[in-house]
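Residue strings, one per chain:
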Amino acid sequence: MLPGIDLVVAPGEQVGLLGPNGAGKSTLLRLAAGLAGPDAGVVELHGRAATDPSARIGVGYLAELFRFPSWQTVDETLRLHQRLAGSASGVPERMELLALVGLAERRDARVGTLSKGQQQRLGLAQALVGEPTLVLLDEPTSALDPVGVRMVRRLLTTLRERGVAVLLSSHQLHEVERGCDRIALLRDGRVLHEGPVPELLRRSGHADLESLYVAAMRDASGAPG
């Protein structure tokens, strides 16, 4: 359940969702992707209901737990997602995306031969098929080594420069603080704190995001200090 969510993501803005397992981060992203409809309230993309197929055309989505057919090649996987997204950009788009995530040399490799981190990179590439105006990323760095994490940083910078809105969830406080314009701390489907990190720290009196996060989760659970 998400009884306390009221969140807007503007064009070119990057918003990070932080919270423990079960806080509602993945559910919120699925609702934003139009993969589920709300029992109450409104989820809109570009002024239309998120479940409207026309609203989802400009949305890219990377689920936390995703699987691509192991027998397909990397290139075939992106070609399939181009068809699903209605993208007619063909080979140039696929080559650009593979270069962007560092997989250009694995274009003809079968997905089943890729490492977990490489499959994560392929997942990021498919989320960008069709030049989406909103990208939803669920734990985008979960399987990546430090080189892959730096790649995601560069990717997010590129998306910001292109005016693409990004909503991402993560357990990596430092990465979210470093890359996002705003954060939302979630617990039990409610937003406990939301805003730019410096502003939240100033209002709360905490010295850093980690201490704010720990205090917010403790207070929300009713646990003694």
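Residues numbered from 1 in each chain as written. Predicted model: local features only at pLDDT ≥ 70, side-chain atom pairs only at ≥ 80, totals over all residues. Heavy atoms only, no water.

Looking at an unreviewed UniProt entry, the protein carries the name ABC transporter ATP-binding protein, with the source organism given as Patulibacter brassicae.

What follows deals with the sheet that holds strand S4 (residues 59-62). An order of S4-S5-S6-S1-S7-S8 is seen for the six strands of this open sheet, with the pairing classed as mixed. The strands lining the two open edges of the sheet, one partner per strand, are S4 and strand S8 (190-195). Averaged over all pairs of adjacent strands, the angle between their axes in this sheet comes to 15 degrees, without regard to strand direction. Sheet topology note: the strand S7 (residues 182-187)/S8 ladder contains five bridges and is antiparallel. Bridged to Ala184 within S8 is Glu194. (Pairing = 2+ DSSP bridges. Helix = DSSP H or I, 4+ residues; strand = E, 2+ residues; numbered from the N terminus. Axes fitted to C-alpha atoms, helices over the stretch in contact; angles between N-to-C directions.)

Moving on, we get to the layout of surface pockets. When its volume is computed, the largest pocket comes out at roughly 920 Å³. As for the largest pocket, its lining consists of 30 residues, of which Leu7, Leu28, Val42, Val43 and Glu44 are closest to the centre. Elements supplying a minimum of two residues to the lining of the largest pocket: helix H1 (25-32), strand S2 (44-45), strand S5 (134-138) and strand S6 (165-169). The leading source of residues in the lining of the largest pocket is H1, at four residues. (1 Å grid on protein atoms, 1.4 Å probe; cavity = no way out; pocket = protein on both sides within 12 Å on 5 of 7 lines; lining within 4 Å. Points joined across faces, edges and corners; volume = space filled by probe spheres on them.)

This part is about the side chain of Gln120. With respect to the helices, strands and loops of the structure, Gln120 is situated in helix H5 (residues 116-127). A relative accessible area of 4% places Gln120 in the buried class. (Buried < 20%, exposed > 50% of the residue type's maximum accessible area, 1.4 Å probe, protein only.)

Among the five residues in S5, five count as buried, and that is most of the element. Alternating residues of S5 divide into Leu134, Leu136 and Asp138 and Val135 and Leu137, and every residue in both groups is buried. Pairing of S4 with S5, which is carried by four bridges, proceeds in the parallel orientation. Paired with Tyr61 across the strands is Leu136, a residue of S5. In terms of strand pairing, S5 meets S6 through five bridges, oriented parallel. Note on S6: the bridge partner recorded for Leu136 is Leu167.

Quick look at helix H4 (residues 90-100) now. Looking only at H4, the buried set comprises Glu93, Arg94, Leu97 and Leu98. What you see down the axis of H4 is that its buried residues fit within an arc of 130 degrees, all on one side. Exposed residues lying more than 90 degrees from the buried face of H4 are Pro92 and Ala99. Its buried side turned inward, H4 meets helix H3 (74-85) and H5. Backbone geometry just after H4 places Gly102 at a positive phi near 75 degrees. (Arc of directions from axis to C-beta. Contact = heavy atoms within 4.5 Å.)

With that settled, consider the packing of aromatic side chains. By the definition in use, this model includes one aromatic pair. Considering the side-chain rings of Phe66 and Phe68, the 5.2 Å spacing of their centres and the 50 degrees angle between planes classify their relative orientation as tilted. Overall, the relative accessible area of 12% leaves Phe68 in the buried class. (Phe/Tyr/Trp six-rings, centres within 6.5 Å; stacked < 30°, edge-to-face > 60°.)

Next up on the list: the nonpolar core. Counting residues in hydrophobic clusters, the biggest one holds 44 residues, and the most contacted among them are Leu18, Leu122, Leu124, Leu137, Leu159, Ile183 and Leu185. When residues in this core are grouped by element, the largest group, six residues, is from helix H6 (residues 146-161). Each residue touching Leu18, except ones within four places of it in the same chain, is listed here: Lys25, Ser170, Leu173, Val176, Ile183, Ala184, Leu185, Leu186, Leu209 and Tyr213. Listed in part, the 18 residues of the second largest apolar core include Val15, Leu17, Ala33 and Ala50. (Core = buried A, V, L, I, M, F, W, Y, C linked by side-chain atoms within 4.5 Å.)

Inspection of the secondary structure assignment puts Gly47 in the loop between S2 and strand S3 (48-49). The class of Gly47 is exposed, set by a relative accessible area of 59%.

Below, the discussion takes up H1. For H1, the buried fraction is high: six of the eight residues fall into the buried class. Within the span of H1, buried status applies to Lys25, Ser26, Leu28, Leu29, Leu31 and Ala32. Residues of H1 that are buried in the fold lie against strand S1 (14-18), S2, S4, S5, S6 and S7.

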